[in-house]
Structures are given as C-alpha cells and as structure tokens.
Amino acid sequence: MHLPPQLWPATTTSSTDGLKIGGVLLSDIAEQFGTPAFVLDEDDFRARCRSWRAAFTGHDVFYAAKAFLCHQVATWLKEEGVGIDVCSAGELRTARRAGIPGSSVIFHGNNKSVTELAEAVDHGVSLVVVDSHDEITRLSDIATRRNARQQVLVRVTPGVEAHTHAYITTGTDDQKFGFSLSTGSAHRAISHALSVPGLELVGLHSHLGSQILRPDVFEEAADRLVGLMADTARTHGTILRRLDLGGGLGIAYLPDDEPLDVRDLAPAVIDRVRKACAEAGIPMPRLAVEPGRAIAGPTTVTLYTVGTIKRQPGLRTWVSVDGGLSDNMRPALYDASYTAALADRATARNADETVTVCGRHCESGDVVVDSARLPADLAVGDLLAVPASGAYHRSMANNYNFQPRPPVVAVRDSTARVIVRRETIDDVLRLDVE
C-alpha cells in the first residue's frame, strides 16, 4: 500500500497485517481501545517540536494549544523546550498542571474575562496579547491592583489576505480580532497601551489565519508590522523588542497537497524581518511563531470501524463508520477534504472503488471523506484510518446525538497508552439535572 509520507505520521508502516504506527498495529489498538479513536505518534509530535525550535533558533516557538491539548501534550512541550499559546482559562490551567511556567506562556483571545486575565497575571504569563481597548483598560486595572507590570503585545490586523477559507482568515481588516492597521486603529491601540499604568508594551502580534500554504503572506505581514514598529519609534520614542507573526502554516490533507516546510519558511521570514528593520533604522526584534496544526495535524490518524455499506447504482456507494461529525467537524464547517485507507488487513484488490465515507449522525453533511479510493472488497467490520487528524479534531469534538467523544491513544516504541480516555454515556449525561 502506498502511503504518501506528507499525510501520515512519521512512524507509519504497512505490512500484510495492516498499518502500524509507532510499531503498533492499528487493529490491535482497535481491539484494545475500541473505535473511533485518535492514534497519535508521540515521536513524530516531539520531532516536529524540535524542528520548529531549530528553524527559529534564537527566537520563540509557542505551540497553539487550540489545535489539540491535553496534560501529556503539555508535558511533551515542556520537555522539548516549546512554549504554549493559550486562549482560555482551561488551556492555561492545563499548562499549569503540567508544570509549564508562566514565562513559557502567551495568552490570546478577543474577549478574555476578568477572571482569565487575573489568572494570567497571577501565573506570571510572559505575554498577554491585547485585542481591544476594553481589554487594555481591564488588564491595566488588574495589574495595577496587584502592583504588577504585565508585558503585552498589541494584536494587529495588517490587511494581508491569507488565501484560505473565510472562516479561518484572521489577518484582513474586517475582523473580530485585533486592531486594523489601515484604519489607524492599531496606532491608537499602541498609544493607549503606552499610556496606562501596569502594562509594558513590548511588541506587536499578528495572526493571518489557518491552513496557509503561501510563504509570501508571512513576508508581506512582516513588512507591514516592521513599518508600524518604526512608526511607534518615531511617534513615541519606544523601541518594540518583540514581533509575533502567529501561526497558521498549512499541512497536507490530500496526496497532491504540498505544504510549506518550516526549514524553508523560517530563514526567509527571519531574513525579511532583518532587512525591513535595517531599512527602517530600528533594531531587529525577537520573533515568535505559534504553530499548532503544523505540529499536531500530521501526527494523528482517526481510526473507524465500517458499520454499513450502501451501494446505490448510478449514484454512489456510502460507507458508514462509527464516528463522523462528533469527532471531525471540519468537513461540515470548512468543506475540508480528507482521504482514508484500509487499516486492518492486506487486500487482494487495489484501491479501485470510489466511495463516500460518512458518519453516523443525523445530518446529510456528516461526511468524513467525500471521495475515498478504497478496495472493492471493503467489508463491514473493516477498519479505516483517516490521516492528518491531529489538529482541531479532538479539540472541536462534540456530543451531537449524545455521542461520547473518542479517546486519544499515544503510540511509541511499540507501546500504546491512553492519554485522553474515551467518554462514556454516563460522562455525557453527568451534567443533566434530573
């Protein structure tokens, strides 16, 4: 079986018994832990962390927790020397429980509560990305009452089109996020942050969106942000020492996808910032980046069991699996495309039939893979693996139709262990007041 390497976890292999990840047969995982299940390649996750750190040596890498976070993942981040970008009290609490110090945390969000901001200040979070004038005032009051001086970045929307889905584009002007550069809003936010007590404005932040596949958009954003830093130096006499370019680097979901490699992107972006700063006559800032999908996404597959096969002559063949919309919202939400492979056995037939893999939920849009090429001898009870399932799958999973959420099973050195247990129906019902 041909497995395009850009789609599958790094330790994936194929044998006559089926697919293995981390030296563990996926069929053994299904037998021990059930399906659906997320299977995460720990070695691949850690290697991607190290790759980003190496590419941005001398700068900062913060993993975007929203892609996927649990206690074990937070522990891996700490061990690999990668910081964490959080945007809620729950994500911050997970980082704290794993022993990640505040100096390795950056706090995001367009509507952080007073409680969340207070917890961030109390934990000594290194940077809070301020997203509104209300928040600047609110955070100033909290820090002042605590006799603290909180370092902040102003989030800027630089007006750069990321060429991705509208729902995950965040760098254009008409946004709920940040302060627009073209309207002067960013300049006013900088003035506000510099004028209030308790805050120390140390830099700027920008995030263009998600699943970005073009390097030029990062370089264009860098040019505009360096220009704003130069304006700040001239207007206020303040040298901003930090520049956070966000995350959003895309991954492969289909065999023909060609994602950017951080080893190519990083030197290009660093060089672009360095040249722009030299032309503007300001010092080179310390950069930060926030990969989430690019680290977590390719490391994980979702494992499903085929439940029914419905052939409709002249229309299509529907292959129903035991998950779907509750463990992967992205096809319905973003019209995202995936592929799938038979996971539990060798087959005498090639992948010679095009089918639609659908979920078990009461929605016509509950489609996992719209056009999957699978063997014609696919049968009820077979296991399917859907790659590139590590980002925004478990973190956006839900209980639609009262479906319990799947577990996350980490594999490494021929050993599998649960790092997020499967929900039970009792778990789903536990908040229901009788």
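These numbers were taken from a predicted model, which means no experiment stands behind them. (Residues numbered from 1 in each chain as written. Predicted model: local features only at pLDDT ≥ 70, side-chain atom pairs only at ≥ 80, totals over all residues. Heavy atoms only, no water.)

Take the nonpolar core next. Formed by 87 residues in total, the largest nonpolar core has its most connected members in Phe-45, Tyr-63, Val-154 and Leu-204. Examining the composition of this core, we find that 10 residues originate from one element, helix H8 (residues 216–236), more than from any other. (Core = buried A, V, L, I, M, F, W, Y, C linked by side-chain atoms within 4.5 Å. Buried < 20%, exposed > 50% of the residue type's maximum accessible area, 1.4 Å probe, protein only. Helix = DSSP H or I, 4+ residues; strand = E, 2+ residues; numbered from the N terminus.)

So, on to the sheet that holds strand E3 (residues 24–25). Sheets are built from strands that pair by backbone hydrogen bonding, the pairs being arranged parallel or antiparallel. An order of E1-E2-E3 is seen for the three strands of this open sheet, with the pairing classed as antiparallel. The sheet is open, and its two borders are formed by strand E1 (13–15) and E3, each paired with just one other strand. Note: E1 against strand E2 (residues 18–21), three bridges, orientation antiparallel. Along E2, the bridge assignment pairs Ser-15 with Gly-18. (Pairing = 2+ DSSP bridges.)

Mapping Ser-326 onto the fold places it in the loop between strand E15 (316–321) and helix H11 (330–334). Polar contacts involving the side chain of Ser-326 include one to the side chain of His-361, which spans 2.8 Å. The residues contacting Ser-326, other than those within four sequence positions of it, are His-361, Ala-397, Asn-398 and Gln-403. (Polar contact = N/O pair within 3.5 Å; in protein donor to acceptor, adjacent residues only side chain to side chain. Contact = heavy atoms within 4.5 Å.)

What follows covers the packing of helix H2 (residues 42–55) against helix H3 (residues 71–80). The N-to-C vectors of H2 and H3 enclose an angle of 40 degrees; their axes lie 10 Å apart at closest approach. Of the possible angle classes, the one that applies to H2 and H3 is oblique. H2 and H3 meet at a crossing whose hand is right-handed. On H3, the residues that touch Glu-42, Phe-45, Arg-46, Cys-49, Arg-50 and Arg-53 of H2 are Val-73, Trp-76, Leu-77, Glu-79 and Glu-80. Looking at side-chain class alone, the contact of H2 with H3 contains five nonpolar, no polar and six charged residues. (Axes fitted to C-alpha atoms, helices over the stretch in contact; angles between N-to-C directions. Parallel < 35°, antiparallel > 145°, perpendicular 65-115°, else oblique. Left-handed = near helix turned anticlockwise from the far one by under 90°. Nonpolar A, V, L, I, M, F, W, Y, C, P; charged D, E, K, R; others polar.)

Burial in H3 covers these residues: Val-73, Ala-74, Thr-75, Trp-76, Leu-77 and Glu-80. Directly after H3, the chain includes Gly-81, whose backbone phi takes a positive value near 75 degrees.

In the predicted model, the chain carries a mean pLDDT of 93, and the fraction of residues at 70 or more is 96%. Scored below 50 in pLDDT, residues 163–171 shows 32 contacts in the model against residues more than four places distant or in partner chains. (pLDDT = per-residue confidence, 0-100.)

Right, let's talk about the environment of His-192 for a bit. Among the structural elements, His-192 can be located in helix H7 (residues 185–195). Residues His-192 and Arg-97, 95 residues apart in the sequence, show an inter-C-alpha distance of 34 Å. If sequence neighbours within four positions are ignored, His-192 has contacts with His-133, Ile-136 and Thr-137. A polar side-chain atom of His-192 sits 2.9 Å from a polar atom in the side chain of His-133.

This paragraph deals with helix H9 (residues 262–280). Spanning 19 residues, H9 covers 26 Å between terminal C-alpha atoms, matching the ideal 27 Å at 1.5 Å per step. Residues of H9 that are buried include every one of Val-262, Leu-265, Ala-266, Val-269, Ile-270, Val-273, Ala-276 and Cys-277, and no others. Looking down the long axis of H9, one finds its buried residues gathered within 130 degrees of arc, a one-sided arrangement. Away from the buried face of H9 by more than 90 degrees, exposed residues Arg-263, Asp-264, Ala-278 and Glu-279 are located. Residues of H9 that are buried make contact with H2, H8, strand E12 (242–244) and strand E13 (286–289). Gly-281, located one to two residues past H9, shows a positive phi value of around 75 degrees. (Expected span 1.5 Å × (residues − 1). Arc of directions from axis to C-beta.)

Below, the discussion takes up the pattern of salt bridges. Scanning the entire structure with this criterion turns up 27 salt bridges. For the salt bridge of Asp-261 with Arg-263, the shortest nitrogen-to-oxygen distance reads 2.7 Å. Note on Asp-261: relative accessible area 27%, which makes it partly exposed. Overall, the relative accessible area of 57% leaves Arg-263 in the exposed class. Via salt bridges that share partners, Glu-42, Asp-43, Arg-46, Arg-50, Glu-79, Glu-80, Arg-412 and Arg-417 belong to a single interconnected network. (Salt bridge = Lys/Arg side-chain N within 4 Å of Asp/Glu carboxyl O.)

With that settled, the discussion passes to the packing of aromatic side chains. Under the counting rule described, the total for this entry stands at four aromatic pairs. The interplanar angle of 15 degrees and the centroid separation of 6.0 Å between the aromatic rings of Trp-52 and Phe-56 together place this pair among those described as stacked. Residue Trp-52 is classed as buried on the basis of its relative accessible area of 6%. According to the relative accessible area criterion, Phe-56 is buried, its value standing at 3%. An aromatic cluster is defined as three or more aromatic residues linked by ring pairs; in this entry it consists of Phe-45, Tyr-63 and Trp-76. (Phe/Tyr/Trp six-rings, centres within 6.5 Å; stacked < 30°, edge-to-face > 60°.)

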